[in-house]
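The chain contents come next:
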Amino acid sequence: MHIITTTSINKIFRKPTEFHALKDVSLSIDEGEFVSIVGKSGCGKSTLLYILSTMDTDFTGDLQMFNESLVGKSSAYLAHLRNKNIGFVFQFHYLLAEFSALENVMVPALKLNEKHYETIKKEAMEKLDLLGLADIAHKRANNLSGGQQQRVAIARALINNPAIIIGDEPTGNLDSENSAIVIQLFKTLAKEQQQTIIIVTHDIDIPKVTDRTITMSDGRIL
Amino acid sequence: MMPPRLLFSIVKTHLLSRKKQTITSTAGVMLGILMYIFMVSFIVGLNEYFSDIMLAASPHVRFYTDVQQDSLSITERFYKDTTQQVFVHHQKPKSADRTIKKAPDVINYLKKVPNVIAVSPRVSTPIYYTMGQSNLNGMLTGIDINAEQLLFQINTKLVDGSFESLLNSENTIALGVSLAKKMQVSVGDRVLVTLPNGVVTYVQVGAVFKWGMTAIDNTQGFASVQTVQKLMQKNASFITDIYLKFVNPDEAPIKAEEWRAVFDETQIEDWKSTLAEIESTNKLRNMITVLVVVTLLTVSGFGIYNIQTMMIFERMKDIAILRAIGLQGNDIRLIFLIEALIIGLLGSILGLISGFLICYAVSKIPYHVDVVITIDHLPIQFKTIYYVSGFMFGIITTAIAGYFPSKRASKIDPVEIIRG
Ligand SMILES: Nc1ncnc2c1ncn2[C@@H]1O[C@H](COP(=O)(O)OP(=O)(O)OP(=O)(O)O)[C@@H](O)[C@H]1O
Ligand SMILES: [Mg+2]
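These numbers were taken from a predicted model, which means no experiment stands behind them.

A. Structural detail: the overall build of chain B. Each helix and strand in chain B was counted, giving 15 helices and 12 strands. The C-alpha radius of gyration computed for chain B amounts to 33 Å, which surpasses the reference 22 Å derived for 420 residues by more than 25%, pointing to a less compact arrangement than a globule. Principal-axis analysis of the C-alpha atoms gives chain B an extent of 105 × 65 × 40 Å. Put simply, 76% of the contacts in chain B that link residues at least 6 apart link residues at least 24 apart. For chain B, the accessible surface area stands at approximately 21,500 Å², while carbon and sulfur atoms represent 61% of it. On chain B, the mean spot of the 39 positive side-chain charges and the mean spot of the 34 negative ones are 9 Å from each other.

Below, the structure is given as structure tokens:
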């Protein structure tokens, strides 16, 4: 079953000069699929991810999720959809600098407001533990190393057990050991929890272990 | 809307992790409110204190007879219907008694009116007080001690002697404290008085009082109605003024209006017209106060606006992340609005407390004034309404100052920022 379907998506940046960043992108991704997206720098991978994550709504073409078109949906609707169903790890792993690692991980769950505070805290700790971060849980985010921050961001993307996890080079800052842990974790989530995982990567080893690799070039899917 | 728990944990973290900005904003509001409280308690307080004193010292309704110029002289009246032009130059006022017509009847009538605290007939005359070489111009007023006690609590104004002495023996008077001082007399001394009708006699000082109003304390003497009537060589129905007060002052203007129709030969004045004079001078001072306060609040409002705008600019990344995670534009707006309101709340409360303390301190500093009214401390007013309005101003200012930046924050497009 397709969980995400895009139909001839085009994205044109108008400022500073007109730039056609995505050209007729059509793709379908199945539930529980682990997909990697590769391509040269500047080919439009991040641009595509922002559209898939529902944050960027300024495009032409159709984006469907759970067999429902998201074109024209209100920003409140999309915000809730993101909160509940999409976990996103940014290319430049952003955390709330003034909050602790644990608090960062808890925020999406607190917003979703489906569980008790204590439960959320416990689950957030579990996610951090999964990524080997239990001992830095109470450190402020801006005191963490780049790799630690990236893993906290991954833990945060997982907290609501979203149907879709989108990562823009989620292992870009990790050593090979931690990178392997993260990829293994993603594989398990896809296999055992039927979570769909889409990651952009420059690591040549990662596409070998994902279910499918989408290659992009100059705004198109090859 | 996001759950309050998340909202407050974000707000708390924001406020505590930028302590300097939080303190600056809070201090700004605090200063504004402090100044507001002080200005209002001081200037408006002064005005109200002044009005209250004037009001307490004046009756709610006053009956009196004016020396009036007849509009038409007898000559003019005689030739009224002819074509001839008649002028009467320098017409003298009709020599009329300043007594209120049928005063005893009027007094009896007024005493039966419900909700009247007391009716006090008065007999007033200009007088010369003579003591040795000093010749002082003043007033002597015959009063009903018991009625005046009900109207003006004259016993509380007593400095020396007693008002009862005015009743017990004839030719006994009470003098204003400044007047007595100028003549260097005290209770028991005798003063020579000269009346306009030529009567010259000695009277004994039975009491010295301090009304608190310079004009009265400088010139006024009191005696019993009978004493003054006798000095003026008038009979017992000679009454120049009737003072009265109502339980509820608001009744006075209404009743006064009715009475003007009934007692059409008598002037009837109510406190609203007396107060109108005072209030017109108060208005200017109040306006200046309002201007200063509005300026202060605007300045602290702009302070908050600037700091909030700066904070939002610095937190662009946070806003983008929160939006990406699933917070809505409204959630973001709420975060920054609540932050501004907390600053406003904190600043206002601190402002109220420090404003109160400063007012309290100033009200304890001795400060002697003897112009118009006599005071020995600045009459700082402590009225709940000043504090309630100060608090409201603080909150409203910060709400407005926080609203626009927070609205802008809610409009930030997260993708633009996350793209880097
Ligand atoms: N806001 C923007 N305005 C104009 N052009 C943009 C904007 N953002 C991206 N682009 C352009 O769109 C193209 C695609 O950018 P994108 O960030 O998707 O590349 P990418 O494939 O993720 O590259 P990388 O691997 O380096 O992250 C680039 O050529 C970039 O210059
Ligand atoms: Mg990219």
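Anyway, onward from the coordinates.
B. Here's a closer look at the nonpolar core. In this structure, A:I4, A:V152, A:F186, A:I198 and B:I335 are the most contacted members of the largest nonpolar core, which totals 115 residues. Those residues in contact with A:V152 that lie beyond four places of it in its chain are A:L95, A:A101, A:N104, A:V105, A:L128, A:L133, A:I136 and A:L144. Counting residues in each nonpolar core, the second largest holds 46 residues, with B:F63, B:A180, B:I242 and B:L275 among its members.

C. The arrangement of the sheet that holds strand β6 (residues 86-89) of chain A in detail. Residues and elements named next belong to chain A. Spatial strand order, β6-β7-β8-β3-β9-β10: six strands in an open sheet with mixed pairing. The open sheet has two free edges, formed respectively by β6 and β10 (220-221), since each of these has just one partner strand. Taken together, the four bridges between strand β3 (residues 34-39) and strand β8 (residues 196-200) define a ladder with parallel strand orientation. Residue pairing across strands places S36 opposite I199, the latter belonging to β8. Set on the sheet, helix α1 (residues 45-52) makes contact with β3, β6, β7 (164-168), β8 and β9 (212-217); between it and β7 the angle comes to about 155°. Sitting on the sheet, helix α5 (residues 146-158) is in contact with β6 and β7, with an inclination near 170° to β6.

D. Focus on the domain arrangement of chain B. Residue and element names in this part refer to chain B. The domain architecture assigned to chain B consists of domain 1 (4-55 + 278-419) and domain 2 (61-70 + 94-270). Placing the centre of domain 1 and that of domain 2 at their C-alpha centroids yields a distance of 51 Å. On the side of domain 2, seven residues touch domain 1, which itself brings eight residues to the contact. A buried area of about 490 Å², summed over both sides, lies between domain 1 and domain 2, and 50% of it is on carbon and sulfur atoms. On inspection of domain 1 and its partner domain 2, the count reaches zero salt bridges. Linking domain 1 with domain 2 are zero residue pairs in polar contact (both at pLDDT 80 or more). Among the residues forming the side of domain 1 that touches domain 2, the class breakdown is six nonpolar, one polar and one charged.

E. Structural detail: the pattern of salt bridges. Using the criterion set out here, one finds 23 salt bridges over all chains in the structure. Among the ionic pairs, B:R419 bridges to A:D56, the shortest N-O distance being 2.8 Å. A residue pair is termed interchain when its members come from two chains, as with B:R419 in the segment after α15 (414-418) and A:D56 in the loop between α1 and β4 (60-65). The class for A:D56 is buried, based on a relative accessible area of 5%. Close ionic contact of A:E123 with A:K115 constitutes a salt bridge, the shortest N to O distance being 3.0 Å. What emerges from the salt-bridge pattern is a single network uniting A:K11, A:D56, A:D58, B:E416 and B:R419.

F. Highlighting the interface of chain A and chain B. Across the contact, 25 residues belong to chain A and 29 residues belong to chain B. Carbon and sulfur atoms supply 65% of the area buried between chain A and chain B, which totals about 2,500 Å² over both sides. On the chain A side of the interface with chain B, the three residues burying the most area are A:Y94, A:E98 and A:K111, jointly 28% of the side's total. The interface formed by chain A and chain B includes four salt bridges. Among the ionic pairs, A:K111 bridges to B:D331, the shortest N-O distance being 2.8 Å. Joining chain A to chain B, the criterion identifies eight residue pairs in polar contact (both at pLDDT 80 or more). Put simply, the parts of the chain that give the side of chain A that touches chain B at least two residues each are β1 (2-13), α2 (75-85) and α3 (101-112) of chain A. Residue classes in the side of chain A that touches chain B are distributed as 16 nonpolar, two polar and seven charged.

G. Inspection of the sheet that holds strand β5 (residues 68-69) of chain A at higher detail. Residues and elements named next belong to chain A. The four strands lie next to each other as β2-β1-β4-β5, forming an open sheet whose pairing is antiparallel. Two strands bound the open sheet, and with one partner strand each, they are β2 (19-30) and β5. As paired elements, β4 and β5 share two bridges and run antiparallel to each other. The residue of β5 that forms the bridge with Q64 is S69.

H. Molecular detail of the site of ligand 1. Taken together, 15 residues lie near ligand 1, and A:S41, A:G42, A:K45, A:S46 and A:T47 sit nearest. Near ligand 1, residues from chains A and B are present, making the site a shared one. In the environment of ligand 1, an oxygen atom lies 3.3 Å from a nitrogen or oxygen atom belonging to the backbone of A:C43. The contact in question runs from an oxygen atom of ligand 1 to an N or O atom on the side chain of A:T47, over 2.5 Å. Starting from 640 Å² of accessible surface for ligand 1 in isolation, the protein chains cover 71%. At the level of secondary structure, the elements contributing two or more residues to the shell around ligand 1 comprise β2 and α1 of chain A. The biggest single contributor to the shell around ligand 1 is α1(A), with three residues. Counted by class, the shell around ligand 1 contains four nonpolar, seven polar and four charged residues.

I. Summary view of the packing of aromatic side chains. Residues and elements named next belong to chain B. The full count for this structure, using the stated rule, is 20 aromatic pairs over all chains. An angle of 75° between the planes, with centres 5.5 Å apart, marks the rings of Y109 and F263 as edge-to-face. Taken as a pair, Y109 in helix α4 (residues 103-111) and F263 in the loop between α10 (251-262) and β10 (267-270) lie far apart in primary sequence, 154 residues in all. For Y109, a relative accessible area of 39% corresponds to the partly exposed category. Taking relative accessible area as the criterion, F263 reaches 15% and is therefore assigned buried. Ring centres of F246 and W259 lie 6.0 Å apart, and the angle between their planes is 20°; this geometry places the pair in the stacked category. Here W259 lies in helix α10 and F246 lies in strand β9 (residues 241-246), a separation of 13 residues in the sequence. Classification of F246 as buried rests on a relative accessible area of 1%. Chaining the aromatic ring pairs together yields one cluster made of F152, F163, F209, W211, F222 and Y243. Stacked on the ring of Y64, the Lys or Arg R62 has its end atom at 4.0 Å from the ring centre.

Rules and cut-offs
- Residues numbered from 1 in each chain as written.
- Chains lettered and ligands numbered in written order.
- Predicted model: local features only at pLDDT ≥ 70, side-chain atom pairs only at ≥ 80, totals over all residues.
- Heavy atoms only, no water.
- Helix = DSSP H or I, 4+ residues; strand = E, 2+ residues; numbered from the N terminus.
- Rg over C-alpha atoms; globule rule 2.2 N^0.38 Å.
- Contact = heavy atoms within 4.5 Å.
- Areas by Shrake-Rupley, 256 points an atom, 1.4 Å probe, with all protein chains shown as cover.
- Lys, Arg positive; Asp, Glu negative; His and termini not counted.
- Charge placed at Lys NZ, Arg CZ, Asp CG, Glu CD.
- Core = buried A, V, L, I, M, F, W, Y, C linked by side-chain atoms within 4.5 Å.
- Buried < 20%, exposed > 50% of the residue type's maximum accessible area, 1.4 Å probe, protein only.
- Pairing = 2+ DSSP bridges.
- Axes fitted to C-alpha atoms, helices over the stretch in contact; angles between N-to-C directions.
- Domains from an automatic or database assignment.
- Buried area = accessible area lost by both parts, 1.4 Å probe.
- Salt bridge = Lys/Arg side-chain N within 4 Å of Asp/Glu carboxyl O.
- Polar contact = N/O pair within 3.5 Å; in protein donor to acceptor, adjacent residues only side chain to side chain.
- Nonpolar A, V, L, I, M, F, W, Y, C, P; charged D, E, K, R; others polar.
- Near = heavy atom within 4 Å.
- Phe/Tyr/Trp six-rings, centres within 6.5 Å; stacked < 30°, edge-to-face > 60°.
- Lys NZ or Arg CZ within 6 Å of the ring centre and 35° of its normal.

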